[in-house]
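# Notes for the structure review
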Amino acid sequence: MTTVKLIGDSHTQYLFPALVPFLEALGYTIVQQVSQPGWGVKKYVSDNIGFVPSDYTIVSLGGNNAELNEMAYRDSVAEFLSRLNTKDVIWLGPLFAEREDVQLRHAATDEFLNRFQKVFNFSYVPLMEPSQGIQQRDGVHLYKDGYDLLLQRVLPAIERSFSSWRSYAKWFILGGVLLSGLAIWKLTTMHSSDDTLRLNP
């Protein structure tokens, strides 16, 4: 059984319920689903939310980030990730916002997270471009059918993120098997050479 938990902000009150059936159809078991309006990584850390252990965690946070100092935000993300109690993370980025003040924060956070994925080894699915052109009800949030449309646009990227982790695991295991086989072959060859030398002084 491969387990998944979902941690997000107000956008995910609509996005996660639409995503769950897709994940379950792929055979994943949902063990936790939390959507807190107005929350970001700092709030999740300060409120000490109990995270259920899982194989994967889908995180959709960043829209409420007001920390535009990259190193300070990086420290907050690091603390958040250290508490997630998970093996692998798939992070969905902030959406495009029609409100200019909000979009400035979203765009900066999107850039931060895009760079952080290599530092913290998570899979990043940007939502900035896919969410553009979808009608917003308040300059920030979409209507319910808008979230359904957004999900349709990013489902392939989410599925690939799961597949990529499985692929890494497969090649890691395969690499271990090959290295073990090579070591055994080398030892066998060395023993054979020793026997030959003893027989032919």
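Parameters at a glance
Residues numbered from 1 in each chain as written. Predicted model: local features only at pLDDT ≥ 70, side-chain atom pairs only at ≥ 80, totals over all residues. Heavy atoms only, no water. Helix = DSSP H or I, 4+ residues; strand = E, 2+ residues; numbered from the N terminus. Buried < 20%, exposed > 50% of the residue type's maximum accessible area, 1.4 Å probe, protein only. Contact = heavy atoms within 4.5 Å. Areas by Shrake-Rupley, 256 points an atom, 1.4 Å probe, with all protein chains shown as cover. Salt bridge = Lys/Arg side-chain N within 4 Å of Asp/Glu carboxyl O. pLDDT = per-residue confidence, 0-100. Phe/Tyr/Trp six-rings, centres within 6.5 Å; stacked < 30°, edge-to-face > 60°. 1 Å grid on protein atoms, 1.4 Å probe; cavity = no way out; pocket = protein on both sides within 12 Å on 5 of 7 lines; lining within 4 Å. Points joined across faces, edges and corners; volume = space filled by probe spheres on them. Nonpolar A, V, L, I, M, F, W, Y, C, P; charged D, E, K, R; others polar. Pairing = 2+ DSSP bridges. Axes fitted to C-alpha atoms, helices over the stretch in contact; angles between N-to-C directions.

With that settled, consider the overall build of the chain. Helix and strand counts for the chain stand at five helices and five strands. Start at the N end of the chain and walk to the C end: the helices and strands fall as β-α-β-α-β-α-β-α-β-α. Classification of the 201 residues of the chain by burial places 42% in the buried group. In the chain, of all internal contacts separated by at least 6 residues, the share reaching a separation of at least 24 is 74%. Accessible surface for the chain amounts to roughly 11000 Å². Of this, 56% is attributable to carbon and sulfur atoms.

Attention now moves to the pattern of salt bridges. The final tally for this structure, using the stated rule, is eight salt bridges. The partner of R99 in a salt bridge is D101, and the shortest N-O contact between them spans 2.8 Å. One salt bridge in this structure joins D138 and R137, with 3.8 Å as the shortest N-O distance.

For the rest of this paragraph, the subject is the confidence of the model for the chain. With 81% of its residues at a pLDDT of 70 or more, the chain has an overall mean of 87. Taken element by element, the chain is modelled with least confidence in helix α5 (residues 144-199), mean pLDDT 64, and with most confidence in strand β2 (residues 28-35), mean pLDDT 98. Predicted confidence is poor over residues 166-179, with pLDDT under 50, and the contacts of this stretch with residues over four places away or in other chains come to two contacts.

Here the focus is the packing of aromatic side chains. Aromatic rings considered in pairs are described by the distance between their centres and by the relative angle of their planes. Here the structure, examined in full by the defined rule, presents 14 aromatic pairs. Between Y56 and F162 the ring centres are 4.7 Å apart and the planes differ by 65 degrees, which places this aromatic pair in the edge-to-face class. In this pair, Y56 sits in strand β3 (residues 54-60) while F162 sits in helix α5, placing the two residues 106 residues apart along the sequence. On the accessibility criterion, Y56 (6% relative accessible area) is buried.

Here we take up empty space enclosed by the protein. With the rule as written, the count across this model stands at one cavity of 30 Å³ or more. Reported here for the largest cavity is a volume of approximately 30 Å³. Looking at the largest cavity, the residues that line it are D9, H11, S60, L61, G62, G63, L92, G93, P94 and L95. Grouping the amino acids of the lining of the largest cavity by side-chain chemistry returns four nonpolar, five polar and one charged.

Here we come to the sheet that holds strand β1 (residues 2-8). A sheet is described by the order of its strands in space; here five strands give the open sequence β2-β1-β3-β4-β5, paired in parallel fashion. Two strands in the sheet have a free side with no partner beyond their single neighbour: β2 and β5 (123-125). The sheet shows a mean angle of 20 degrees between the axes of neighbouring strands, direction not considered. Relative to β5, strand β4 (residues 86-92) is paired through three bridges, and the arrangement is parallel. The residue of β5 that forms the bridge with W91 is Y124. Helix α3 (residues 70-83) rests against β1, β3 and β4 of the sheet, and its axis sits at about 135 degrees to β4.

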